[in-house]
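# Commentary on secondary and tertiary structure
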Amino acid sequence: MAVTRTRGTKGASAREVTAALFERLVRLEPGTPEHARVRGALIEANLPLVRWISHRFRSRNEPMEDVVQVGTIGLIHAIDRFDPTRGVQFPTFAMPTIIGEIRRYFRDNVRSVHVPRRMHELSIRIHAAGEELTGMLGRTPTTTEIARRLAVPEEDVRAGAEAARAYRVSSLEASREREDGSPGPAEALGYEDPGLAGVEHRALVRHLLVQLPEREQRILLLRFYRNLTQSQISAELGVSQMHISRLLSRSVARLREANPLDP
């Protein structure tokens, strides 16, 4: 439990700094040097949250520095829209905005398949050589002719042509059925895992859980992760079952209230 206590202390400290900075920011005129300075301090104080969220996207084959930079843009948007009078903790408010900005980046700017730089450059040369040979021969050149033109193995030409396809993404709904009657991409997909819908909720709950007192964290873990009954938790902690029931109700209510993804 020592690790949990350390994380909770750091989280509480960051929340206190953030709250104090927002209290100053709302009293300042936008566009003034002091407003910009406090706003910059808010960004700096909450960069650990951006890095924590960005780490969830580490398997996307994109430089983590780029993901953090995009997440920081989401953080800035959240800071500019945050209203401290609503009674919501800023990390809770900012998480959906940061996650949304990173997802938008992957959707709009990242290739469907990660292509090494060397193969990307080769695919450009292959395309140029193909255009040149087409003009010279009056027909589409073969793989052998392109390989001879570039002085590279035929295997590299095939790999480069395949890499070029990573830049073209077809819609699953563009053609429900192929011309030869075979099923289209949408029909070939596997089923949708219903558990995926709760991934973001679980990640957010973990983030919110560390904001609760250590005792309430333990009670929630015993109840929902170890599936102990209230009477069993009461016996383990040496307190009355009624007290356990009150703490559970209060903790769950706080988590639900703070969860922006809960409808």
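That block above? That's the structure.
What you see as residue numbers is a count from 1 along each chain, following the sequence as written. Residues qualify for local features only when their pLDDT is at least 70, as the model is predicted, and side-chain atom pairs are given and counted only at 80 or more; totals for whole chains, interfaces and linings, by contrast, use all residues. Computation of side-chain values covers all heavy atoms of the structure but excludes hydrogens and water.

## Description of the overall build of the chain
Think of it this way: any DSSP run of H or I at least four residues long counts as a helix, any run of E at least two long counts as a strand, and we number them from the N terminus. On a plain count of helices and strands, the chain comes out with 13 helices and zero strands. The secondary structure elements of the chain, listed N-terminal to C-terminal, are α-α-α-α-α-α-α-α-α-α-α-α-α. Counting every position in the chain, which comprises 263 residues, the buried fraction comes to 33%. Pairs of residues are marked as contacts when any of their non-hydrogen atoms sit within 4.5 Å. In the chain, the share of contacts with a sequence separation of at least 24, taken over all contacts with a separation of at least 6, comes to 57%. Throughout, the Shrake-Rupley method with a 1.4 Å probe supplies accessible areas, and for residues the shown protein chains are the sole cover considered. About 17100 Å² of surface is accessible on the chain, with carbon and sulfur atoms providing 53% of the total. Here the term buried applies to any residue with accessible area under 20% of the maximum for its type, exposed to any over 50%, and partly exposed to those in between, with areas from a 1.4 Å probe on protein chains only.

## Quick notes on the packing of helix α2 (residues 33-45) against helix α4 (residues 64-81)
The geometry of α2 relative to α4 is characterised by a closest axis approach of 10 Å and an angle of 130° between their N-to-C directions. Between α2 and α4, the interaxial angle falls into the category oblique. Crossing hand, α2 versus α4: right-handed. Contacts between α2 and α4 pair Arg39, Leu42 and Ile43 from the former with Thr72, Leu75, Ile76, Ile79 and Asp80 from the latter. Residues are sorted three ways: Asp, Glu, Lys and Arg are charged, Ala, Val, Leu, Ile, Met, Phe, Trp, Tyr, Cys and Pro are nonpolar, and all the rest, Gly among them, are polar. When its residues are assigned to classes, the contact of α2 with α4 shows five nonpolar, one polar and two charged. Where helices are involved, their axes are fitted lines through C-alpha atoms of the stretch in contact, as for all axes, and angles between N-to-C directions lie from 0 to 180°. Should an angle fall under 35 degrees it is taken as roughly parallel, and over 145 as roughly antiparallel, whereas 65 to 115 is taken as roughly perpendicular and any remaining angle as oblique. By definition, turning the near helix anticlockwise from the far helix through less than a right angle yields a left-handed crossing, and turning it clockwise yields a right-handed one.

## Digging into the nonpolar core
Nonpolar cores are built from buried Ala, Val, Leu, Ile, Met, Phe, Trp, Tyr and Cys residues. Side-chain atoms within 4.5 Å join them into one set. Core analysis: the largest hydrophobic core is formed by 27 residues, its most contacted members being Ile53, Leu75, Ile79, Phe90, Ile98 and Ile102. Of the residues forming this core, the biggest block, nine residues, is contributed by helix α5 (residues 90-109). When neighbours within four sequence positions are excluded, isoleucine 79 is seen to be in contact with Phe22, Leu25, Arg39, Leu42, Ile43 and Phe90. Counting 13 residues, the second largest nonpolar core, distinct from the first, contains Ile219, Ile244, Leu247 and Leu255.

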